[in-house]
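Chain by chain, the residues:
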Amino acid sequence: MSDPNVQGAEAPRSPEGTSSRAWFVAAFKQHWFLFALAVVIPGGAAIGWNPESTPPAWGPPGDWFDARLLTAAVLFLMAFSLNSGKLWAALSKPGPVLWAAACNVALVPLLAWPLSYTQGLIDFRLGLMIAAASACTMAGASVWTRQAGGNDAVSLLVTLLTNGLCFLTIPATLLVTTGRSVEFDVPALMVRLLLTAALPMAVGQAVRAIPAVGRLAAGRRALWGNLALFLVLGIVFTGAAKAGRTLDDLGVTEGDGGLRLAGAVAWVGACCVFVHSLAMGVAFLGGGLLGFGRGEQIACAFAGSQKTLPIGLLVAVSPAMFGDPNLLGPGRGVPLAVFPMLLYHASQMFLDTAVASRLRAGNSNPQEDKNQS
């Protein structure tokens, strides 16, 4: 008899006439986050695209939630509910962290580079490389790693490493692949990384050291993971709303649209999915060849392929970077370079949610998550 509480199990069938509803309820319980993404991403983009549809007192949709605070809260929850021993083990044997970081920083751009030359618009060619050059997601990689039953200590360290070095890796990657140079405000980036990632993680681990709190963290691990997912939805909505606002500012709704633009969008979206999927597969299988455990392989798959949206948007729209309206000459900018970043981000949310579910279902030890506590 199948167990409906185990992911991947056959949906339960209720008495005749109600089996469809029972199937839907079971599917929703298993994949509620996919359902939520299907509403939040297009809904956020649509609201950001048409800000006049919301009361002025509410302010810009992209400012409804502070993405930095939400990210800090997610990372606090991940560190708070993470066994300190796992974190030290990942630090003492950094192979998986270094492999995942190498996939994120080098493999993804190498996969995207040849595909960038197949884009119909130069905006998309440059935008695809901006997406590929960005650092690992601040919160997503660890949340999805845990959902899949992987070693989230590895993904947390990859987040810190790739974001901490992005002021070096992103300019170098874009210079090689696009011939364009960019410069970051390094002190501002370091402060942002400290306040958004390093400090919340340190506080989470420190609070966990209190015996009573530590028992609460270990005994409610699934609860903290689900709460982190709800917060991630706020981050996703904020990113989608800001992207929609950017597209509205660019006057995309007033353009001719046309089959050429639609085809170009479809192709760059397909390239984003291909690059992300292939990088995920290489990171996972490569981890196996390197002798990593399944938990570390899962962490490498997500942390090695996911890309953060805020930094990508910063590079794409900042007037000091690719947002310069005269980037390619007088009056020749690349305003649509934001498209690939948005498509990469949205597609990885859907794809990785499905992949995490499959990996979890295929976990040889269903109690692994409890043991990791």
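Predicted model, so just to flag it, every value in this text is computed and none were measured.

Scoring rules and cut-offs
- Residues numbered from 1 in each chain as written.
- Predicted model: local features only at pLDDT ≥ 70, side-chain atom pairs only at ≥ 80, totals over all residues.
- Heavy atoms only, no water.
- Helix = DSSP H or I, 4+ residues; strand = E, 2+ residues; numbered from the N terminus.
- Buried < 20%, exposed > 50% of the residue type's maximum accessible area, 1.4 Å probe, protein only.
- Contact = heavy atoms within 4.5 Å.
- Phe/Tyr/Trp six-rings, centres within 6.5 Å; stacked < 30°, edge-to-face > 60°.
- Core = buried A, V, L, I, M, F, W, Y, C linked by side-chain atoms within 4.5 Å.
- Patch = residues over 30% accessible without salt bridge, like charges linked within 9 Å, V, L, I, M, F, W, Y side chains within 5 Å.
- Areas by Shrake-Rupley, 256 points an atom, 1.4 Å probe, with all protein chains shown as cover.
- Salt bridge = Lys/Arg side-chain N within 4 Å of Asp/Glu carboxyl O.
- Axes fitted to C-alpha atoms, helices over the stretch in contact; angles between N-to-C directions.
- Parallel < 35°, antiparallel > 145°, perpendicular 65-115°, else oblique.
- Left-handed = near helix turned anticlockwise from the far one by under 90°.
- Nonpolar A, V, L, I, M, F, W, Y, C, P; charged D, E, K, R; others polar.
- pLDDT = per-residue confidence, 0-100.
- Expected span 1.5 Å × (residues − 1).
- Bend = angle between axes of the 7 residues up to and from the residue.
- Polar contact = N/O pair within 3.5 Å; in protein donor to acceptor, adjacent residues only side chain to side chain.

## A look at the environment of glycine 269
Part 1 of the reasoning: Take glycine 269: it is sitting in helix α12 (residues 258-289).
Part 2 of the reasoning: Judged by relative accessible area, which is 16%, glycine 269 ranks as buried.
Part 3 of the reasoning: Separated by 145 residues in sequence, glycine 269 and phenylalanine 124 have C-alpha atoms that sit 9.8 Å apart.

## Remarks on the environment of leucine 328
Part 1 of the reasoning: Tracing the chain through its elements places leucine 328 in the loop between α14 (309-317) and α15 (338-361).
Part 2 of the reasoning: In this structure the C-alpha to C-alpha distance between leucine 328 and isoleucine 122, which are 206 residues apart in sequence, comes to 10.0 Å.
Part 3 of the reasoning: Other than its neighbours up to four places away in sequence, leucine 328 contacts Ile122, Arg180 and Val334.

## Here we look at the packing of aromatic side chains
Part 1 of the reasoning: Summed over all chains, the structure comprises 1 aromatic pair.
Part 2 of the reasoning: With a centroid separation of 5.7 Å and 70° between ring planes, the pair formed by phenylalanine 124 and phenylalanine 339 is classed as edge-to-face. Placement of phenylalanine 124 in helix α5 (residues 122-133) and of phenylalanine 339 in helix α15 is noted, with a sequence separation of 215 residues between them.
Part 3 of the reasoning: Residue class for phenylalanine 124 comes out buried when judged on its relative accessible area of 0%.

## A short note on the nonpolar core
Part 1 of the reasoning: Ranked by internal contacts, the top residues of the largest apolar core, which has 101 residues, are Val74, Leu174 and Phe322.
Part 2 of the reasoning: The leading source of residues in this core is helix α11 (residues 221-249), at 10 residues.
Part 3 of the reasoning: If we ignore the near neighbours within four places in the chain, the residues touching valine 74 are Ala139, Val143, Ala228, Leu231, Val232 and Ile235.

## Description of a nonpolar patch on the surface
Part 1 of the reasoning: Together, Val191, Leu194, Leu195, Leu199 and Val203 give the surface a local cluster of nonpolar side chains, amounting to about 420 Å² of exposed area.
Part 2 of the reasoning: Following the sequence through the fold, valine 203 ends up in helix α9 (residues 186-208).
Part 3 of the reasoning: Since its relative accessible area comes to 37%, valine 203 is described here as partly exposed.

## Focus: the packing of helix α4 (residues 95-116) against helix α8 (residues 166-178)
Part 1 of the reasoning: Two numbers describe how α4 lies on α8: the axes approach to 11 Å, and their chain directions differ by 25°. Classed by the angle they form, the pair α4 and α8 counts as roughly parallel. Here α4 and α8 pass one another in a crossing that is right-handed. Two secondary-structure elements touch here, α4 through Val105, Pro109 and Trp113 and α8 through Thr169, Thr173, Val176 and Thr177.
Part 2 of the reasoning: Looking at side-chain class alone, the contact of α4 with α8 contains 4 nonpolar, 3 polar and no charged residues.

## What to know about the pattern of salt bridges
Part 1 of the reasoning: Inspection of the entire model under this criterion finds 1 salt bridge.
Part 2 of the reasoning: As a salt-bridge pair, aspartate 152 and arginine 146 come within 2.6 Å of each other at their nearest N and O atoms. Each member of the pair aspartate 152 and arginine 146 is classed as buried.

## Regarding the confidence of the model for the protein chain
Part 1 of the reasoning: Averaged over every residue, the pLDDT of the protein chain is 79; residues scoring 70 or more account for 79%.
Part 2 of the reasoning: Contacts from residues 253-258, a stretch scored under 50 in pLDDT, to residues over four places away or in other chains number 2 contacts.
Part 3 of the reasoning: Note that residues 365-373 has pLDDT below 50 and, in this model, 16 contacts with residues that lie over four places away or in other chains.

## A short note on α4
Part 1 of the reasoning: Taking 1.5 Å of rise per residue, the 22 residues of α4 would be expected to cover 32 Å, and the 30 Å separating its terminal C-alpha atoms lies within 8% of that figure.
Part 2 of the reasoning: The axis of α4 is deflected most strongly, by about 35°, at cysteine 103.

## Some words on the side chain of threonine 162
Part 1 of the reasoning: Of note, threonine 162 is situated in helix α7 (residues 152-164).
Part 2 of the reasoning: Accessibility expressed as a relative area gives 3% for threonine 162, which makes it buried.
Part 3 of the reasoning: Separated by 3.3 Å, the side chain of threonine 162 and the backbone nitrogen of cysteine 136 make a polar contact.
Part 4 of the reasoning: In this view, threonine 162 contacts Ala101, Asn104, Val105, Ala135 and Cys136; residues no more than four positions away in its chain are not counted.

## Some words on the side chain of threonine 137
Part 1 of the reasoning: Considering the arrangement of structural elements, one finds threonine 137 in the loop between α5 and α6 (140-147).
Part 2 of the reasoning: Here the side chain of threonine 137 touches glutamine 306 through a polar contact of 2.6 Å, side chain to side chain.

## Quick look at α5
Part 1 of the reasoning: The terminal C-alpha atoms of α5 lie 17 Å apart, and with 12 residues this matches the ideal 16 Å at 1.5 Å per residue to within 8%.
Part 2 of the reasoning: Most of α5 is tucked away, with 11 of its 12 residues classed as buried.
Part 3 of the reasoning: Among the residues making up α5, those that are buried are Asp123, Phe124, Arg125, Leu126, Gly127, Leu128, Met129, Ile130, Ala131, Ala132 and Ala133.

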